[in-house]
Amino acid sequence: KAGVTQTPRYLIKTRGQQVTLSCSPISGHRSVSWYQQTPGQGLQFLFEYFSETQRNKGNFPGRFSGRQFSNSRSEMNVSTLELGDSALYLCASSLDPSGITDTQYFGPGTRLTVL
Amino acid sequence: GIQVEQSPPDLILQEGANSTLRCNFSDSVNNLQWFHQNPWGQLINLFYIPSGTKQNGRLSATTVATERYSLLYISSSQTTDSGVYFCAALGNTPLVFGKGTRLSVIA
């Protein structure tokens, strides 16, 4: 079974631009979560989607948004990029509908650099 | 929300040595996972262990939920074990990660 895939793997943008990242979960998984990893803040939860609905949201500004499609693929968008948005963005999928007790499987990440 | 603390923050080992990494969490959890992050950033699942003990080759993990801690044991360490080890806990809020233990295994 194929793992979680993320595209693109690397991205360079300039301040003020917007960016869209994509995540395809493991086949059959309906929950997709997004995380931001930076050297200063570590791994932080952005949001989680299940069956096309946002189920949980972390403490990030409204410039960060996401969505999930009927095939469970998810995208996240960051508008008006700031230098501090430079990070590794990780996507995870899981099987458990409750989103509580199941193993999270992570993709390889998208490394975003904002210049 | 849940607070997750890992210790030690850094660990240097000679190849073949054993080590124990610790994860303390501040509240009861429904989900406790250990991950290894490789040099390319990929988080690799090691254990899903909200309670009890599990073993996988040279790695084993124990979670004592009533005392709110989990331990990851690495025996006969190899240079390929180098990287950052994270534990992550999930209670009534989404997965919260510790800051990790950076392990360096020297040949």
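Residues numbered from 1 in each chain as written. Chains lettered and ligands numbered in written order. Predicted model: local features only at pLDDT ≥ 70, side-chain atom pairs only at ≥ 80, totals over all residues. Heavy atoms only, no water.

Chemist: I tried to follow the interface of chain A and chain B on my own but got confused; where do I start?
Modeler: Note: interface size is frequently given as the accessible area lost on complex formation between the parts. With 19 residues of chain A at the contact, the number on the chain B side is 17 residues. Regarding the contact of chain A and chain B, the summed buried area is about 1500 Å², with carbon and sulfur atoms giving 54% of it. Inspection of the chain A/chain B interface yields zero salt bridges. Linking chain A with chain B are five residue pairs in polar contact (both at pLDDT 80 or more). Class assignment for the residues of the side of chain A that touches chain B results in nine nonpolar, eight polar and two charged. (Contact = heavy atoms within 4.5 Å. Buried area = accessible area lost by both parts, 1.4 Å probe. Salt bridge = Lys/Arg side-chain N within 4 Å of Asp/Glu carboxyl O. Polar contact = N/O pair within 3.5 Å; in protein donor to acceptor, adjacent residues only side chain to side chain. Nonpolar A, V, L, I, M, F, W, Y, C, P; charged D, E, K, R; others polar.)

Chemist: Any chance you could explain the nonpolar core here in plain terms?
Modeler: One finds B:Leu32, B:Trp34 and B:Leu72 to be the most contacted residues of the largest nonpolar core, which totals 22 residues. Where this core is concerned, the elements lending two or more residues are strand S2 (10–14), strand S3 (19–25), strand S4 (31–37), strand S5 (43–48), strand S7 (59–64), strand S8 (69–74), strand S9 (83–90) and strand S11 (101–106) of chain B. If you look at the next biggest cluster of nonpolar residues, it comprises 21 residues, including A:Cys23, A:Met76, A:Leu81 and A:Leu112. (Core = buried A, V, L, I, M, F, W, Y, C linked by side-chain atoms within 4.5 Å. Buried < 20%, exposed > 50% of the residue type's maximum accessible area, 1.4 Å probe, protein only. Helix = DSSP H or I, 4+ residues; strand = E, 2+ residues; numbered from the N terminus.)

Chemist: Help me understand the state of the cysteines in this model?
Modeler: In the structure shown here, the tally under the stated rule is two disulfides over all chains. The partner cysteine of A:Cys23 in its disulfide is A:Cys91, sulfur to sulfur 1.7 Å. Residues A:Cys23 and A:Cys91 share a disulfide whose torsion about the S-S bond is about -50 degrees; that sign makes it left-handed. Of the two residues, A:Cys23 sits in strand S3 (residues 19–24) while A:Cys91 sits in strand S9 (residues 87–94), which places them 68 residues apart along the sequence. Like A:Cys91, A:Cys23 is buried. There is a disulfide in this structure between B:Cys23 and B:Cys87, and the S-S distance comes to 1.9 Å. Disulfide B:Cys23-B:Cys87: torsion about the S-S bond near 70 degrees, hence right-handed. One end of the pair, B:Cys23, is in strand S3; the other, B:Cys87, is in strand S9, and 64 residues separate them in sequence. Take B:Cys23: its relative accessible area is 0%, and that puts it in the buried class. Owing to a relative accessible area of 0%, B:Cys87 belongs among the buried residues under this scheme. (Disulfide = S-S within 2.5 Å.)

Chemist: What should I look at first to understand the environment of B:Gly83 in this one?
Modeler: All names here are of chain B. With respect to the helices and strands, Gly 83 occurs in strand S9. The class for Gly 83 is buried, based on a relative accessible area of 14%. Considering only alpha carbons, one finds Gly 83 and Gln 37, 46 residues apart in sequence, at a separation of 6.0 Å.

Chemist: Would you take a moment to explain the sheet that holds S3(A) for this structure?
Modeler: Residues and elements named next belong to chain A. Read from one edge of the open sheet, four strands run S1-S3-S8-S7, paired in antiparallel fashion. Whereas interior strands pair on both sides, the edge strands pair on one side only; in this sheet they are strand S1 (5–7) and strand S7 (64–68). Neighbour-to-neighbour, the strand axes of the sheet open up by a mean angle of 20 degrees, direction not taken into account. Taken together, the three bridges between S1 and S3 define a ladder with antiparallel strand orientation. The partner of Thr 5 across the bridge, within S3, is Ser 24. (Pairing = 2+ DSSP bridges. Axes fitted to C-alpha atoms, helices over the stretch in contact; angles between N-to-C directions.)

This is a description of form; function is not addressed.
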